[in-house]
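The lines below spell out each chain.
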Amino acid sequence: MPVIFRWIFSGCFSRSVVTMSALLAIYVIIESFDKARYLGHGLTTQLLIEYLLLKAPFLISEFMPIIVLIGASVYLVELSRHHEMVAIRAAGLGINKLLTPLLTVALLAAMFSFIIGEWVTPVTNQRLDTIEQVHIQKKEDGKHGVQWLKDGQRFFRLTPLANHQFALMMLETNTQGAWLKRVDAARATYAKRQWHLMDAHVSSPSLEQGMLLEHLDEMNISSAIGPETAEPPKPRHMQVAELNRYINNLNHAGLSSSSYTYALHRKFSAPLACLLMVILAAALCLNTGSRSGKASWGIVAAISLGLTFYVVGNAGHLLANSDRMPAAYAAWLPSIAFGGLALFLLLRREGH
């Protein structure tokens, strides 16, 4: 491994770690003061410490692109202030030699962010929401209401009961909307794409008798609609495979899946943004010279654009959840916009 690669890689990596540590320290201080007012009112010191520890993975996953941007910018400004950037360019090293170690750091950060977002935060976020709702907001945990679902020409009304059981009403219609059959079950469970109904009452219209009524102790209904759609999980609690499966179920039922589609694409767009942030840092802070004023402007621009990136991401999330923007586009919009800006600024700086 070339010396120049190890030198730049270690410098950028260490600054990114320091930036992440500083962010977590600031978060602990602010969040401790914010949640301290609930101590003795449902929140204990042990729960507060647990809350702070559990939220750290979420912050790392959420802010990793900004962490990499600030870390790389600080390091590049340091190189410029000590005239090391001038020496590197004088040695005939092109922009690719500078970007390769920086992009390697960003790639490691992206992988780390994806791993945390895929296997850590879905678990920690569930516990966080429980602490927030039960111990801080004093709300009941895990209560869900009735939901209507559509499966072809059949409409299901599912009312959650205990032990993963549901009170079920199924209404089947023809293509013109006239009803053909209604099934009411006191209890129903779902397994292997089938509803198993207990104590079911079946009614259907008849020209001769007006209405046919039938009571069955048990019956089965094949359907792609599963009980997981009756108790919608939060996207922040789900992994990629779970999101993909749940989106397919919602689409098949004719329901909106915007928030889940956004979360699925966000799993990939957020880590990718780490690579784009390094390019943006290089575009803003390379060749800034030794003058502190120019160096400071590079850092200010980097932090400002990093915060703007976060704001645009939140705006896209709100627009996607309200169905005002396609969810996949909203998830990728910050990366596309800031990636294009980074490439433009870098090429302009390099004179292309």
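The structure this text deals with has already been given above.
Residues numbered from 1 in each chain as written. Predicted model: local features only at pLDDT ≥ 70, side-chain atom pairs only at ≥ 80, totals over all residues. Heavy atoms only, no water.

### Considering the nonpolar core
The tendency in soluble globular proteins is for nonpolar side chains to be buried side by side.
Working step 1: Of all hydrophobic cores here, the largest spans 53 residues; its most connected members are Met64 and Leu76.
Working step 2: Put simply, the parts of the chain that give this core at least two residues each are helix H1 (3-35), helix H2 (45-81), helix H3 (84-90), helix H4 (95-136), helix H6 (258-285), helix H7 (292-321) and helix H8 (327-349).
Working step 3: The element that contributes the greatest number of residues to this core is H2, accounting for 18 residues.
Working step 4: Setting aside chain neighbours within four positions, we find methionine 64 in contact with Met20, Leu59, Ala109, Phe112, Ser113 and Cys274.
Working step 5: Judged by nonpolar contacts, the second largest core, of 17 residues, contains Phe156, Met170, Leu197 and Met219. (Core = buried A, V, L, I, M, F, W, Y, C linked by side-chain atoms within 4.5 Å. Buried < 20%, exposed > 50% of the residue type's maximum accessible area, 1.4 Å probe, protein only. Helix = DSSP H or I, 4+ residues; strand = E, 2+ residues; numbered from the N terminus. Contact = heavy atoms within 4.5 Å.)

### Quick word on the state of the cysteines
Working step 1: One pass over the full model with this rule turns up 0 disulfides.
Working step 2: Cysteine cysteine 12 is unpaired, with the sulfur of cysteine 274 as its nearest cysteine sulfur at 11 Å.
Working step 3: The buried category is assigned to cysteine 274, whose relative accessible area is 0%. (Disulfide = S-S within 2.5 Å.)

### What about H6?
Working step 1: Between the first and last C-alpha of H6 there are 38 Å, a value that for 28 residues agrees with the 40 Å anticipated at 1.5 Å per step.
Working step 2: The principal kink in H6, of about 35°, is found at arginine 266.
Working step 3: Where burial is concerned, most of H6 is hidden: 23 out of the 28 residues are buried. (Expected span 1.5 Å × (residues − 1). Bend = angle between axes of the 7 residues up to and from the residue.)

### What about the sheet that holds strand S6 (residues 210-222)?
Working step 1: Here we have 6 strands laid out as an open sheet, ordered S1-S2-S3-S4-S5-S6, and antiparallel in their pairing. On the outer flanks of this sheet lie strand S1 (147-151) and S6, each paired with one strand and no other. Mean inter-strand twist for the sheet, computed between neighbouring axes without regard to direction, equals 20°.
Working step 2: With 7 bridges connecting them, strand S3 (residues 166-173) and strand S4 (residues 179-191) associate as antiparallel partners. Opposite leucine 168, over in S4, you have alanine 185 as the bridge partner. (Pairing = 2+ DSSP bridges. Axes fitted to C-alpha atoms, helices over the stretch in contact; angles between N-to-C directions.)

### Some words on the environment of proline 57
Working step 1: You can see proline 57 is positioned in helix H2.
Working step 2: On the accessibility criterion, proline 57 (15% relative accessible area) is buried.
Working step 3: For the pair formed by proline 57 and serine 222, sequence separation is 165 residues and the distance between their alpha carbons is 41 Å.
Working step 4: In contact with proline 57, not counting residues within four places along its chain, are Ile116, Val120, Thr121 and Thr124.

Nothing here speaks to function; it is all geometry.
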